Amino acid sequence: MDYINRLSCEFDAKSTNEGLARTIVSAFAVMLDPTLEELADLRTAVSEAVTNSIIHGYGDRKNPDDKVYIDCTLYDDRIEVVITDHGCGIADLSQAMQPMYTSAPDMERSGMGFTVMGAFTNQLEVKSKVGQGTVVKMVKVFDSKRKE
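Residues numbered from 1 in each chain as written. Predicted model: local features only at pLDDT ≥ 70, side-chain atom pairs only at ≥ 80, totals over all residues. Heavy atoms only, no water.

Draft legend 1. The arrangement of the environment of Asp 85 in detail. As for its position among the elements, Asp 85 is in strand S3 (residues 78–85). Separated by 33 residues in sequence, Asp 85 and Asn 52 have C-alpha atoms that sit 9.6 Å apart. For Asp 85, the residues in contact, after removing those within four places along its chain, are Ser 53, Gly 57, Tyr 58, Lys 67, Gln 132, Gly 133 and Thr 134. Looking at Asp 85, its side chain comes within polar contact range of the side chain of Ser 53, at 3.1 Å. (Helix = DSSP H or I, 4+ residues; strand = E, 2+ residues; numbered from the N terminus. Contact = heavy atoms within 4.5 Å. Polar contact = N/O pair within 3.5 Å; in protein donor to acceptor, adjacent residues only side chain to side chain.)

Draft legend 2. Broad picture of the layout of surface pockets. Put simply, the second largest pocket is a space of about 290 Å³. The wall of the second largest pocket is formed by 15 residues, among which Ala 13, Lys 14, Ile 54, Arg 61 and Lys 62 lie closest to the centre. Examining the composition of the lining of the second largest pocket, we find that three residues originate from one element, helix H2 (residues 36–58), more than from any other. Class assignment of the residues belonging to the lining of the second largest pocket gives a composition of six nonpolar, three polar and six charged. (1 Å grid on protein atoms, 1.4 Å probe; cavity = no way out; pocket = protein on both sides within 12 Å on 5 of 7 lines; lining within 4 Å. Points joined across faces, edges and corners; volume = space filled by probe spheres on them. Nonpolar A, V, L, I, M, F, W, Y, C, P; charged D, E, K, R; others polar.)

Draft legend 3. Geometry of the pattern of salt bridges. Summed over the entire model, instances satisfying the criterion amount to five salt bridges. Close ionic contact of Asp 12 with Lys 67 constitutes a salt bridge, the shortest N to O distance being 2.4 Å. Linking Asp 12 in strand S1 (residues 5–12) with Lys 67 in strand S2 (residues 67–74), this pair joins segments that are 55 residues apart in sequence. What makes Asp 12 partly exposed here is its relative accessible area of 27%. Between Lys 137 and Glu 80 there is a salt bridge, and its shortest N-O distance comes to 3.6 Å. One end of the pair, Lys 137, is in strand S5 (residues 133–141); the other, Glu 80, is in strand S3, with 57 residues separating them in the sequence. (Salt bridge = Lys/Arg side-chain N within 4 Å of Asp/Glu carboxyl O. Buried < 20%, exposed > 50% of the residue type's maximum accessible area, 1.4 Å probe, protein only.)

Draft legend 4. Broad picture of the environment of Thr 51. Within the fold, Thr 51 resides in helix H2. Residue Thr 51 is classed as buried on the basis of its relative accessible area of 17%. Taking C-alpha positions, Thr 51 is 9.9 Å from Ala 21, a pair spaced 30 residues apart along the chain. A polar contact of 2.8 Å, which involves the side chain of Thr 51, links it to the backbone oxygen of Ser 47.

Draft legend 5. Quick peek at helix H4 (residues 113–120). Among all positions of H4, only Gly 113, Phe 114, Val 116 and Met 117 are buried. Buried positions in H4, seen along its axis, are confined to an arc of 160 degrees and lie on one side of it. Against the buried residues of H4 lie H2, helix H3 (93–96), strand S4 (123–129) and S5. (Arc of directions from axis to C-beta.)

Draft legend 6. Inspection of the packing of H2 against H4 at higher detail. Interhelical geometry of H2 versus H4 gives an angle of 155 degrees and a closest axis separation of 8 Å. Our classification of the angle between H2 and H4 gives roughly antiparallel. For the crossing formed where H2 meets H4, the hand is left-handed. Across the interface between the two elements, Asp 41, Thr 44, Ala 45, Glu 48, Ala 49 and Asn 52 of H2 pack against Gly 113, Phe 114, Val 116, Met 117 and Phe 120 of H4. Classifying every residue of the contact of H2 with H4 by side-chain character gives six nonpolar, three polar and two charged. (Axes fitted to C-alpha atoms, helices over the stretch in contact; angles between N-to-C directions. Parallel < 35°, antiparallel > 145°, perpendicular 65-115°, else oblique. Left-handed = near helix turned anticlockwise from the far one by under 90°.)

Structure, rendered in structure tokens:
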């Protein structure tokens, strides 16, 4: 299937960049003219994915080379967002995908990141290797585009 447009970016794995990630992805998605609700859903899912990369992927490391990577692809009725980190990876992915599980209970994390990502997108895939990082792929279908 042919795509309409692509975007790739990287930024430092700092919590201050979570808002930047939301803004970049939502501004890119605007090309498809989504509803405000669809855009808000996408922003929420991206926020969770980027926050997970920074907090759980890199943790307390203060390495200036730690980056979060975002790749977006627009199609006629949807956006595909891939968020990648080269952090510690996830040892037990099935456990990490369970609601209320968190690898950072001392940080008062809710353990709902993957659940939220899945609830606000139409498709969620997560791949991870310990010591190599995590890749989160989300697809958000814009129903408003399918009705045209």
